[in-house]
Amino acid sequence: MIQLRGLTKRYGTFTAVNAIDLEVRRGELFGFLGPNGAGKTTTLRMIAGILKPSGGTVHVAGIDVEREPLRAKARLGYIPDRPFVYDKLTGAEFMRFVAALYGQEGPVVERRIDELLALFDLAQWKHELTESYSHGMRQKLIIASALAHRPEVIVVDEPMVGLDPKSARLLKDLFREFVGRGGTVLMSTHTLEIAEAMCDRIGIILGGRIIAAGTMDELREQTQAGDLPLEELFLRLTGGLHEGELSEILDG
Amino acid sequence: MAEAVLRREPGLARILSPKWRAALARFRRGRAGALGKTLVLLGVGGVFWSALFAIAYRVLVAARAVPDLGLYLPGKVLGAILLTFGSILLLSNVITSLSTFFLAKDLDLLAAAPVDWLRVYLAKLAETIVHSSWMVVLLALPILTAYGIVYAGGPLFPLVAAAALAPVLVICGALGSALTLVLVNVFPARRTRDLLSLIAIGAAASVVVLLRLLRPEQLVRPEGFQNLLDFLVTLRTPANPYLPTEWAARVVMNWLTFVADPLPPTVLWLTAAATVVIGAALHGALYRDGYSKAQEGAERFVRGKRWSLAAHRFVGFLPVQTREFVLKDLRIFFRDTTQWSQLILLAVLLIVYLFNIQALPLYTGERVSFLLVTLVTFLNLGLAGFVLAAIAARFVFPAISLEGRQLWLLRSSPLPPRTLLWSKYWTGAVPLLVVALVITVLTNLLLRASPFMMALSVGTIILYTLATCALALAFGAYYPQFDTENAAQIPTSFGGLVFMMSSVTFLAVVIVVEARPVLNYVRAMREQGQPRIDADMVLAMAVVAALCLATTLGALAAGARRLEEIDR
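S.K.: Help me understand the overall build of chain A in this model?
M.R.: For chain A, the helix and strand inventory stands at 10 helices and 10 strands. For a compact globule of 252 residues, the expected C-alpha radius of gyration is about 18 Å, and chain A comes in at 19 Å, within 12% of that figure. Principal-axis analysis of the C-alpha atoms places the extent of chain A at approximately 60 × 45 × 40 Å. Here chain A holds 252 residues, and the buried ones make up 44% of them. Here the analysis covers contacts within chain A between residues at least 6 apart in sequence; of these, 68% occur between residues at least 24 apart.

Listed below in structure tokens is the structure:
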């Protein structure tokens, strides 16, 4: 459902994403891991059609995002890491606006908005301006609005940040249910336990390149890590601080 | 664990360092990126500055030549100018200190750091004064320079002028921030900002109306000077002896007229020091509560649901994407006090404009020539075009920039950039067309323009409005200010300036093309007593129509292309 071929993004002389090849299949939840600045968000934003790639191609549901952006985007739901919404719209108005961007309106959409707002515990705030929402509430509003048009593919950047435990649990169940029904999710996260528990396959990106990808077992095999948890495996692949360095810093 | 030792508290320069370093980085980036940009800014600034200097210089030279009056009038005028600057500064400081002291992004960091409150106060006060005063200082420079040159102030005059102006800036800064501090303790900061925008706009509108109603043009008429003795007595007495701006004017004028009086500078500097001390004391007592309150106070509910329903019906015929986009823009505009309150100022300016046209001495006594009325009507078309360009700069140019934070949503959705642009276009063009027609038709009625001139003006202004609105959007897409939170700052950016220059150039082209048919029309009326439609006239109209339509479509196409290219 998502296919990246030689995907590259350069900012001047800096290469943020370097010729990535990746395929996320239908009915799969794919976890995208990597240290800060590794190129995760840039990759996701290129898939969502927000950034133009410097090279390579992105296909969503078999449609080339560069050649037929509108058709590809109609099948996609994008959830960014920072919940910027229109402060002067109410929650319901925002959802109605997002549905309209996907060409949807009418009683069916209204029912869908009510359902989604109730699902994310936002029903009682639906007629309040989003400027009075907390960070977590805005995040939930964005997630709800990304589901309003019933996408086939969800691309989500750090979805758990700012969510309370109940909402985080809801989101995990929702994504599993979504892929169970044939949907596709590409999710970037720093919460390795969540990635390990939820994702069918995991890709690790470092310096703009995918350095490892596969199921947990395949990753262990690739790194000869025995039955180490994902956290250890991730640090082994991406490098971490030594104890000596830590005590040096803390002791001054 | 080793005990954390605070070796030395950070000084003022250290607290302010992120600000000046950021300014320096912006300057370096600008210098490396665009020499042309700097040249345009310098050019426009230079022209404006020179014009202001030339006006001040000529007025002062003329005033100096008047016996007796030459000594007092410039002092009086300087006092009035500084009083106006002082009022603007006070208002500006009240609004700026809301951001710097209560809403700025660095405040959490400063509040959590072990920095003495007095240093935070002084650093923030300095920041507030610089932000609020730079434009006033730039305006004051050519005027004070003219004073120094005309009255031979000597090489030390710049220092004297600076010593007179600096305490005024400090006093306004300290008073403005103290006033804000008290206001925030009464209302939460976000509500105060709304309230203040209204007060500011209302105050500005009142000043404009007041200045206009005073009819300053009458002062230059000879009959205004009938009672010279009374006039001189009024000039000699200071109008506001207890205001710092008056003391500053006296410092400058005493230097220029060789009067040694240590009282004005002493009182001025002592007052400046006292306001800072009082401001610091108030800050120490009230800031913590105020800052805490500033974190609250976002608006929760919406008002005006009936208007919303009416708007929904009005645009009901549009396709769903366009319709919801237009409704979204209207809702946001009318729910944001800082945005809709600008309409008050616009209404006042339009009333003043109409008042000015009505006050033109065209039909006061003897019969005026047909040529003069036609000429004034034609020039009025140009002036109306300029006013419309300015309105487009304020309301249409920022439209793309204001989507900055939500661009992720628009770019990731299947909304064609063309639809986005056309939605924005009609949201801006329809109200602008209404304003354009109101201005043109009313002023032409006031000027008793002929049917030919009325038809020409209305036709031209419709076409020009459509084109200038498209230009505003296209330039808005080419020079977006995505990170600006205050929409009112966007039109004064480099892109806003380039848009205004392009729009005015385009207007000049339209006026030049139409000048010939208007001249032919005047000739025909003189010779035959009735208008004659000839090939020249038809060709000129066709050229204007083609130019306007090509500009509209070309600008919108370029804007849409640019929107697709934005990488953010």
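Right, picking up where we left off after that structure.
S.K.: Help me understand the pairing of strand β10 (residues 209-214) of chain A, please; the structure alone is not making it clear to me.
M.R.: Residues in a regular strand point their side chains to alternate faces of the sheet. All names here are of chain A. Of the strand pairs in this sheet, strand β9 (residues 201-206) and β10 are connected by five bridges, and their pairing is antiparallel. Considered in β10, the bridge of Ile205 is made with Ile210. Between β9 and β10, which pair antiparallel one after the other, the connecting turn spans two residues, and Gly207 there sits at a positive phi close to 55°.

S.K.: How should the sheet that holds strand β3 (residues 29-33) of chain A be read in this particular structure?
M.R.: The strands that make up a sheet pair up through hydrogen bonds in the backbone, lying either parallel or antiparallel. All names here are of chain A. As summarised here, the arrangement of the six strands in space is β6-β7-β8-β3-β9-β10, forming an open sheet in which the pairing is mixed. Two strands lie at the open edges of the sheet, namely β6 (76-79) and β10, each paired on one side alone. In this sheet, neighbouring strand axes are inclined to one another by 15° on average, regardless of whether the strands run parallel or antiparallel. Sheet topology note: the β3/β9 ladder contains four bridges and is parallel. Among the inter-strand pairings, Phe32 is bridged to a residue of β9, identified as Gly203. Docked against the sheet, helix α5 (residues 135-147) engages β6 and β7 (153-157), running at close to 175° with respect to β6.

S.K.: Explain the packing of helix α17 (residues 417-446) of chain B against helix α20 (residues 535-565) of chain B here, please?
M.R.: When two helices pack together, their arrangement is captured by the angle between the axes and the distance separating the axes. Residue and element names in this part refer to chain B. It is at 9 Å that the axes of α17 and α20 come closest, and there the two elements cross at 130°. Between α17 and α20, the crossing angle belongs to the class labelled oblique. For the pair α17 and α20, the crossing hand works out as right-handed. Contacts from Pro417, Arg418, Leu420, Leu421 and Tyr425 in α17 reach Leu556, Gly559, Ala560, Leu563 and Glu564 in α20.

S.K.: Looking at this model, I keep getting lost on the environment of B:Ala384. Mind explaining?
M.R.: Mapped onto the elements, B:Ala384 comes out in helix α15 (residues 370-395). In contact with B:Ala384, other than residues within four places in its own chain, are B:Ala436, B:Ile439, B:Thr440, B:Thr443 and B:Ile461.

S.K.: Is there a simple way to explain helix α10 (residues 263-294) of chain B in this structure?
M.R.: Note on helix geometry: an α-helix contains 3.6 residues per turn, so any two residues three or four positions apart are oriented the same way. A bend of about 55° at B:Leu286 is the largest found in α10(B). Burial in α10(B) covers these residues: B:Pro264, B:Leu268, B:Ala272, B:Thr275, B:Gly279, B:His283, B:Tyr287, B:Gly290, B:Tyr291 and B:Ala294.

S.K.: Would you mind going over the sheet that holds strand β4 (residues 55-60) of chain A with me for this structure?
M.R.: Residue and element names in this part refer to chain A. Spatially, the four strands line up as an open sheet ordered β2-β1-β4-β5, and their pairing is antiparallel. Among the strands making up the open sheet, the edge pair consists of β2 (14-24) and β5 (63-64). Along the sheet, helix α1 (residues 40-47) makes contact with β1 (2-11), β2 and β4, crossing β1 at roughly 120°.

S.K.: I keep staring at the interface of chain A and chain B and nothing clicks. Help me out?
M.R.: Reports often express the size of an interface as the amount of accessible area lost when the parts come together. With 31 residues of chain A at the interface, the matching set in chain B holds 25 residues. Broken down by element, the side of chain A that touches chain B gets its largest block of residues, six residues, from helix α3 (residues 91-101) of chain A. Residue composition of the side of chain A that touches chain B, by class: 17 nonpolar, five polar and nine charged.

S.K.: Any chance you could explain the environment of A:Leu171 here in plain terms?
M.R.: Residues and elements named next belong to chain A. Among the secondary structure elements, Leu171 is positioned in helix α6 (residues 165-180). Residue class for Leu171 comes out buried when judged on the 22 C-beta atoms lying within 10 Å of it. Linking Leu171 and Ile143, residues 28 residues apart in sequence, is a C-alpha distance of 8.9 Å. Non-local contacts of Leu171, meaning those with residues more than four positions away in its chain, are made with Ile143, Pro159 and Leu163.

S.K.: How do you make sense of the domain arrangement of chain A when you look at a structure like this?
M.R.: All names here are of chain A. Segmentation of chain A into domains returns domain 1 (1-75 + 157-252) and domain 2 (83-150). Distance between the C-alpha centres of domain 1 and domain 2: 26 Å. Each side of the interface is counted separately: domain 1 has seven residues, and domain 2 has seven residues. Classifying every residue of the side of domain 1 that touches domain 2 gives four nonpolar, two polar and one charged.

S.K.: When you look at the nonpolar core in this model, what are you seeing that I'm missing?
M.R.: Side chains of a nonpolar character, in soluble globular proteins, are inclined to be buried together. Residues and elements named next belong to chain B. The biggest cluster of nonpolar side chains holds 139 residues, and the ones touching the most others in it are Ala392 and Leu473. Ranked by the residues each element gives to this core, the list is headed by helix α18 (residues 451-478), at 16 residues. Aside from chain neighbours lying at most four places away, what touches Ala392 is Phe397, Gly428, Leu432, Thr468, Cys469 and Ala472.

Here is what the cut-offs are and how they apply
Residues numbered from 1 in each chain as written. Chains lettered and ligands numbered in written order. Predicted model: local features only at pLDDT ≥ 70, side-chain atom pairs only at ≥ 80, totals over all residues. Helix = DSSP H or I, 4+ residues; strand = E, 2+ residues; numbered from the N terminus. Rg over C-alpha atoms; globule rule 2.2 N^0.38 Å. Buried ≥ 20, exposed ≤ 12 C-beta atoms within 10 Å, placed from the backbone. Contact = placed C-beta atoms within 7 Å. Pairing = 2+ DSSP bridges. Axes fitted to C-alpha atoms, helices over the stretch in contact; angles between N-to-C directions. Parallel < 35°, antiparallel > 145°, perpendicular 65-115°, else oblique. Left-handed = near helix turned anticlockwise from the far one by under 90°. Bend = angle between axes of the 7 residues up to and from the residue. Nonpolar A, V, L, I, M, F, W, Y, C, P; charged D, E, K, R; others polar. Domains from an automatic or database assignment. Core = buried A, V, L, I, M, F, W, Y, C linked by C-beta atoms within 7 Å.

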